[in-house]
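Inside the fold
Single-letter residue listing:
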Amino acid sequence: MFPILKDSPLFRGLDQQTIDSLLERSSFATAVFAHDDCIAKRDTAYSGLMIILKGSVRGEVTDAAGRRRIIDNIAAPQLIAPAFLFGGYNRLPIDVVANEDGTEIMTLHRGGLFEMMQDNTIVLSNFIDIISNRANYFSRKIYALSVLMLTEKVAALLLSSASPAGDTVPLNVEKMADELDITRNAFEQTLSELARKGYVELSETEIVIRNRKALETMVAPQ
C-alpha cells in the first residue's frame with residue numbers, strides 16, 4: 001500500500017507483502033497537511049501512532065518567555081512521539097507542525113498497532129528499540145535545552161543588574177542564584193561559560209560585561 005513504509009523503523013526487516021498484510025488487518029487513516037499546519041496540539045490525547053509518509057514535521061514548545069522553540073525535526077518515514085502512545089498519560093508533549101506543503105501523515109490506531117505487535121515479533125522488537133533510542137535522544141536534547149535556558153536567564157539578570165554608569169555588576173553568587181531560583185553551583189558554572197566565551201569578565205567582587213550585544217541577542221525574542 002505504502003512502499004515508503006519499508007524504510008520506516010517500525011517495519012524494518014519486513015518485506016512489502018508482509019507490511020501490506022499487517023495493514024490490511026489494522027485500522028488506520030491518512031491526512032495531508034500544508035506548510036505550517038498544526039497536525040496535533042500539545043496535551044492532545046494520543047490514541048493513534050502517527051507515521052510520516054511524505055514530507056517532514058517539527059515538534060515545538062513554548063518557553064516561559066512565550067517564544068516558540070523547535071525541539072525536533074523529523075522526516076518521512078519516521079514516527080511521531082511513539083513513547084507517548086501507551087501508558088497512563090498518553091498525551092502529546094509538544095505541538096506537531098508540518099514543515100512543507102503536501103506533508104502526509106498516517107495514523108495507526110493504538111489497538112491496531114498492539115495487535116500488529118502481537119502478530120509479528122519483528123514489529124514488537126522494532127517498536128521497543130524505537131522507544132529506547134528516542135528516550136536516550138530526548139534526554140540529551142532536554143538537557144541541552146535546559147542549559148541554554150539557564151544561560152539566557154543569567155544573561156538577562158546581568159543586563160538588568162548592570163550599573164547605569166557602565167557594564168559592571170556586583171558579584172554576589174548566593175543572592176543572584178536565589179533570585180534565579182537555581183543552585184549556586186549552576187550559577188557559577190554558567191558564569192564561567194559566559195566568561196570563557198568572552199561575554200563577561202569575572203573578578204572576586206564584580207562581573208564586567210564585555211559583549212553586551214551577545215548577551216542581548218541571547219535574551220531577545222525570536
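So, here's what we can say about the structure. (Residues numbered from 1 in each chain as written. Predicted model: local features only at pLDDT ≥ 70, side-chain atom pairs only at ≥ 80, totals over all residues. Heavy atoms only, no water.)

With that settled, the discussion passes to the packing of helix α4 (residues 173-180) against helix α5 (residues 184-196). In the contact formed by α4 and α5, the axes pass within 9 Å of each other and the chain directions differ by 100°. Relative to α5, α4 is oriented roughly perpendicular. On α5, the residues touching V173, E174, M176, A177 and L180 of α4 are R184, F187 and E188. Residues that form the contact of α4 with α5 fall into these classes: 5 nonpolar, no polar and 3 charged. (Axes fitted to C-alpha atoms, helices over the stretch in contact; angles between N-to-C directions. Helix = DSSP H or I, 4+ residues; strand = E, 2+ residues; numbered from the N terminus. Parallel < 35°, antiparallel > 145°, perpendicular 65-115°, else oblique. Contact = heavy atoms within 4.5 Å. Nonpolar A, V, L, I, M, F, W, Y, C, P; charged D, E, K, R; others polar.)

For the peptide bond that leads from A76 to P77, omega is 5°, which places it in the cis range. By secondary structure assignment, the location of P77 is in the loop between β5 (68-75) and β6 (79-80). Despite not being glycine, D36 shows a phi value in the positive range, around 70°. Mapped onto the elements of the fold, D36 is located in the loop between β1 (28-33) and β2 (38-40). Among the residues examined, D36 registers a relative accessible area of 42% and is labelled partly exposed. In this model, D181 sits at a positive phi of 60°, which is unusual for a non-glycine residue. Structurally, the position occupied by D181 is in the loop between α4 and α5. (Buried < 20%, exposed > 50% of the residue type's maximum accessible area, 1.4 Å probe, protein only.)

Summed over the entire model, instances satisfying the criterion amount to 3 aromatic pairs. Look at F86 and F127: their rings are 5.9 Å apart centre to centre, the planes differ by 85°, and that puts the pair in the edge-to-face class. Separated by 41 residues along the polypeptide, F86 in the loop between β6 and β7 (95-98) and F127 in helix α3 (residues 121-161) bring together distant segments of the chain. Residue classification places F127 among the buried positions, given a relative accessible area of 4%. (Phe/Tyr/Trp six-rings, centres within 6.5 Å; stacked < 30°, edge-to-face > 60°.)

Right, let's talk about the sheet that holds β7 for a bit. The 4 strands are arranged β2-β7-β4-β5 in an open sheet whose pairing can be described as antiparallel. Each of the sheet's edge strands pairs with one partner strand only, and the pair in question is β2 and β5. Ignoring which end each strand starts from, the neighbouring axes of this sheet average 35° apart. In this structure, β2 lies alongside β7, joined through 2 bridges in antiparallel fashion. (Pairing = 2+ DSSP bridges.)

Functional significance is not addressed by these values, which are geometric in nature.
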